[in-house]
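What follows is each chain in one-letter form.
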Amino acid sequence: MEDEYFNVPLQDVKRELRRGIVECQKRCLLQSVKWLAEMNHGLADIELDGDKCDFTETAMDGIAPAEYDNYFLAKSYFDVREYDRAAYLVRNCESEVPKFLFYYATYMGMEKRKLDSTTDQSNLNESGYVKDLAELLATLRTEYSRGRLDGYCMYLYGVILKALNLNQAAHQVLVQSIRLAPMLWASYVELAPLVTEKEKLQTMHFGGHWMRHFFVAHTYIEMYLNDEGLKAYEELQAAGFRKCVYVTSQMALAYHNKRDVDKAIEIFQELQEADPYRLDNIDTYSNLLFVKELKTEMAQLAHKAVCINKYRPETCCVIGNYYSIRCDHQMAIMYFQRALKLNPKYLAAWTLMGHEFMELKNTNAAIQSYRKAVEVNKRDYRAWYGLGQAYEILKMHYYSLYYFKIAHQLRPYDSRMLVALGETYEKLEKCENAIKCYSKACDVGDIEGIAMFKMANLHEKLGEYDLAVNCYMLYCADERAAADKQSLYHGYMTLANYYESKGEYDRASHYAYKCLESDDRKSEAKSLLKTIENKRSGKVISLGTLPSCSTATVANADTSSDDDMEMELSDYKLSSANNFLWSSNMKSTINEFLVAATTSSSKSAAPPPTQKHSSSVTTDEMSLSESDITTNTSMPATNTPSNQSSIPRRTSSSGTQPAIATTSNVGEQDEDTQSMEMSSISID
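Residues numbered from 1 in each chain as written. Predicted model: local features only at pLDDT ≥ 70, side-chain atom pairs only at ≥ 80, totals over all residues. Heavy atoms only, no water.

Draft legend 1. Up close: the overall build of the chain. Helix and strand counts for the chain come out as 37 helices and 0 strands. Taken over 684 residues, the chain has a buried fraction of 49%. Within the chain, residue pairs in contact and separated by at least 24 positions form 60% of the contacts whose partners lie at least 6 positions apart. Of the roughly 34,200 Å² that the chain leaves accessible, carbon and sulfur atoms contribute 50%. (Helix = DSSP H or I, 4+ residues; strand = E, 2+ residues; numbered from the N terminus. Buried < 20%, exposed > 50% of the residue type's maximum accessible area, 1.4 Å probe, protein only. Contact = heavy atoms within 4.5 Å. Areas by Shrake-Rupley, 256 points an atom, 1.4 Å probe, with all protein chains shown as cover.)

Given below as structure tokens:
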């Protein structure tokens, strides 16, 4: 693996790392020094035999002897953050190192003034900051055109171009900076957000230096190409960088982006054991603990971070997450704001503060936080997704569609973005686009387990019932993947009604039995099972025991007790094997029953005129032939045609409807007559 991927001897790598540390230290590039020192420490097992590198000599390279005094004093001022004093001392220096220190101290002085103004909103002067940057940019542009900038000064030139949103020019200048100073890690970090395509990244070689491997792996993680990033870092580990803390932490970030929470937590715990006082990426670790709802571990992590350094932005973020998991959103916002005072470009704090404002229903403040996060890093899909959710709450669906599209472009294989797009398209009544989004969400792996249900529900609304049934079957096939149990029971009930209407009673019963476990669907399932019991036994009217088959028993099936239901289900199982056979004297038996029912109803009715009218109507209307009865018994309980394409929805809790309709004098019947007929007829 080392020969194929990383063909540079590790002794040479270590020598270059040490030289890079010295060069960056001279120029006060502290973050680059830190990164190079960590990489060098990871190669502690590599011995440099015969190395006579004299750091005292290299430490003075690039500094003219006449400028030693001014340089040393300016560097001491810079170290204690007196940037303007440092720049003033080396303003006339011509050698490389003091010259860079002049430009860098000038830039850092501008950043410090901007940071001080952001803590006091009344003194915020963004135009003055841009004007100062433009003046420094003009100076560097002049020096660049004369060819008097080295790799380090070109790095600063690229940073200022990027700050003024001159990204194309910044990209070119940073690439030149890397070719002139390949060990300057800060140039790689600034360049990574400007690379937007994987193909473009693979064609960048920077002169073939071995540092390109770390840049490519870092950029993969920046672009959320987590699998490619993991592979690259695994190859670097195999090449000899297994003990480098940076490589391990980047792999933890990749697993975090992949939502492999357990694996990411495991790696972060290993990092805490190897380097217990490390605060880098500890905010990401706290996010993982938040997702797993590990409140005790979160409290311990926050206490540990405060003991190490309570003024680090990462520490403030950890404390904010701790208060957030306790649902104290106001305190969480306060600590996120404190982190931003320490570092206004701290991306995690902007995004997390937007989440907290959303919890407090402060949509406008959430939108402002998400917009700031996007300004810091346009690749932060969480901020774009948060903007989409915020405008969705405001019912501004075209705005939310725009932001969800950007989030989907950044995370094309994240089902959450696709589901959000589908819901927005559905609200805009663009159903075809919504179905495509739900379908793709299922293809890439539905994280939340709701895409198939939403697609089925949408097909049902559009009247595409066969497609809806297929989707419901796929959704209900994997009960563990379904996140919402109520949606699962809705799917079961829909399938049960559908198969009952088609006459497939076994499948209908199978799904209806599952709904008995739901409190909301239990009564509806009981009613359907009662209907299926009557249909399967063929009992339109119970001939053997007329009094026991009263209408009240069927009409009020949903109000029966659980014990009655169990008894009815056991009867259903026994009677399902013996279907009722129609006898030859069916017509006379039913006519006798109708006459008896009419007589008993007439005797029990209160007003004499209504009794007389009802008796005449019933004897005329209830004379049915044997063929009519046979037709009624073969129809579904919902009175839908046998070739229907709809999924029936039951409007009554009992699920039964009168199967015999009157054919004359319907308009003349009063309410008493209709209620008497309903109570005297029990035909399903």
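Draft legend 2. Local environment of the environment of Ala186. Relative to the helices and strands, Ala186 is located in helix 11 (residues 185–191). Taking the C-alpha atoms as reference points, Ala186 and Leu30, separated by 156 residues in sequence, lie 9.6 Å from one another. The residues contacting Ala186, other than those within four sequence positions of it, are Ser32 and Tyr155.

Draft legend 3. Quick peek at the pattern of salt bridges. Under the definition given, this model contains 28 salt bridges. The salt bridge partner of Asp150 is Arg27, with a shortest N-O separation of 3.8 Å. Linking Asp150 in the loop between helix 8 (126–145) and helix 9 (151–163) with Arg27 in the loop between helix 2 (10–26) and helix 3 (30–42), this pair joins segments that are 123 residues apart in sequence. Residue classification places Arg27 among the buried positions, given a relative accessible area of 2%. Notably, a salt bridge pairs Glu533 with Lys530, separated by 3.7 Å at the nearest N-O pair. Of this pair, Glu533 and Lys530 both sit in helix 31 (residues 522–537), 3 residues apart, which is roughly one turn of that helix. Residues Glu533 and Lys530 agree in their burial class; the two are buried. (Salt bridge = Lys/Arg side-chain N within 4 Å of Asp/Glu carboxyl O.)

Draft legend 4. Summary view of the confidence of the model for the chain. Taken over all residues, the pLDDT of the chain has a mean of 78, while the share at 70 or more is 74%. The low-confidence segment residues 540–684, where pLDDT is below 50, has 154 contacts with residues more than four positions distant or belonging to other chains. (pLDDT = per-residue confidence, 0-100.)

Draft legend 5. Local environment of helix 21 (residues 347–359). Helix length check: helix 21, at 13 residues, gives a terminal C-alpha distance of 19 Å against a target of 18 Å (1.5 Å per residue), a fit within 8%. The complete set of buried residues in helix 21 reads Ala349, Trp350, Thr351, Leu352, Met353, Gly354, Glu356, Phe357 and Met358. The first or second residue beyond helix 21 is Lys361, which carries a positive phi of 65°. (Expected span 1.5 Å × (residues − 1).)

Draft legend 6. Inspection of the packing of helix 23 (residues 381–393) against helix 25 (residues 415–427) at higher detail. It is at 12 Å that the axes of helix 23 and helix 25 come closest, and there the two elements cross at 25°. Judged by the inter-axis angle, helix 23 sits roughly parallel to helix 25. Note on packing geometry: the crossing formed by helix 23 with helix 25 is left-handed. The residues of helix 25 that touch helix 23, namely those facing Tyr381, Tyr385 and Glu392, are Arg416, Met417, Ala420, Glu423 and Lys427. Looking at the contact of helix 23 with helix 25 residue by residue, the class counts come to 4 nonpolar, no polar and 4 charged. (Axes fitted to C-alpha atoms, helices over the stretch in contact; angles between N-to-C directions. Parallel < 35°, antiparallel > 145°, perpendicular 65-115°, else oblique. Left-handed = near helix turned anticlockwise from the far one by under 90°. Nonpolar A, V, L, I, M, F, W, Y, C, P; charged D, E, K, R; others polar.)

Draft legend 7. Quick look at helix 19 (residues 313–325). Taking 1.5 Å of rise per residue, 13 residues should cover 18 Å, and helix 19 covers 19 Å from first to last C-alpha, within 8% of that figure. Among the 13 residues that make up helix 19, 12 are buried, leaving the element largely enclosed by the rest of the structure. Among all positions of helix 19, only Pro313, Glu314, Thr315, Cys316, Cys317, Val318, Ile319, Gly320, Asn321, Tyr323, Ser324 and Ile325 are buried. The positive-phi residue at the C-terminal boundary of helix 19 is Cys327, with phi of around 65°.

Draft legend 8. Quick peek at the nonpolar core. Core analysis: the biggest nonpolar cluster contains 182 residues, and Leu191, Phe214, Phe215 and Phe241 have the highest contact counts within it. Per element, the largest residue contribution to this core is 9 residues, and it comes from helix 9. (Core = buried A, V, L, I, M, F, W, Y, C linked by side-chain atoms within 4.5 Å.)

Draft legend 9. The arrangement of the UniProt feature "repeat: TPR" (unreviewed entry) in the chain in detail. Residues annotated in UniProt with the feature "repeat: TPR" (unreviewed entry) correspond here to residues 245–278, 313–346 and 347–380. Span residues 347–380 is 79% helix and 0% strand, its end C-alpha atoms 8 Å apart. (UniProt positions renumbered as here; feature names shortened; annotations may be inferred.)

Draft legend 10. Just the environment of Lys231, in detail. Note that Lys231 resides in helix 14 (residues 226–241). With a relative accessible area of 53%, Lys231 lands in the exposed category. Remark: the alpha-carbon pair of Lys231 and Met251, spanning 20 residues in sequence, is separated by 9.4 Å.

Draft legend 11. The side chain of Lys14, seen in detail. By the secondary structure assignment, Lys14 is in helix 2. There is no salt bridge for the buried Lys14, and the closest opposite charge comes from Asp45, which lies 7.8 Å off by N-O distance. A distance of 2.9 Å separates a polar side-chain atom of Lys14 from the backbone oxygen of Ile46. In contact with Lys14, other than residues within four places in its own chain, are Asn40, Leu43, Ala44, Ile46 and Leu48. (Lys, Arg positive; Asp, Glu negative; His and termini not counted. Polar contact = N/O pair within 3.5 Å; in protein donor to acceptor, adjacent residues only side chain to side chain.)

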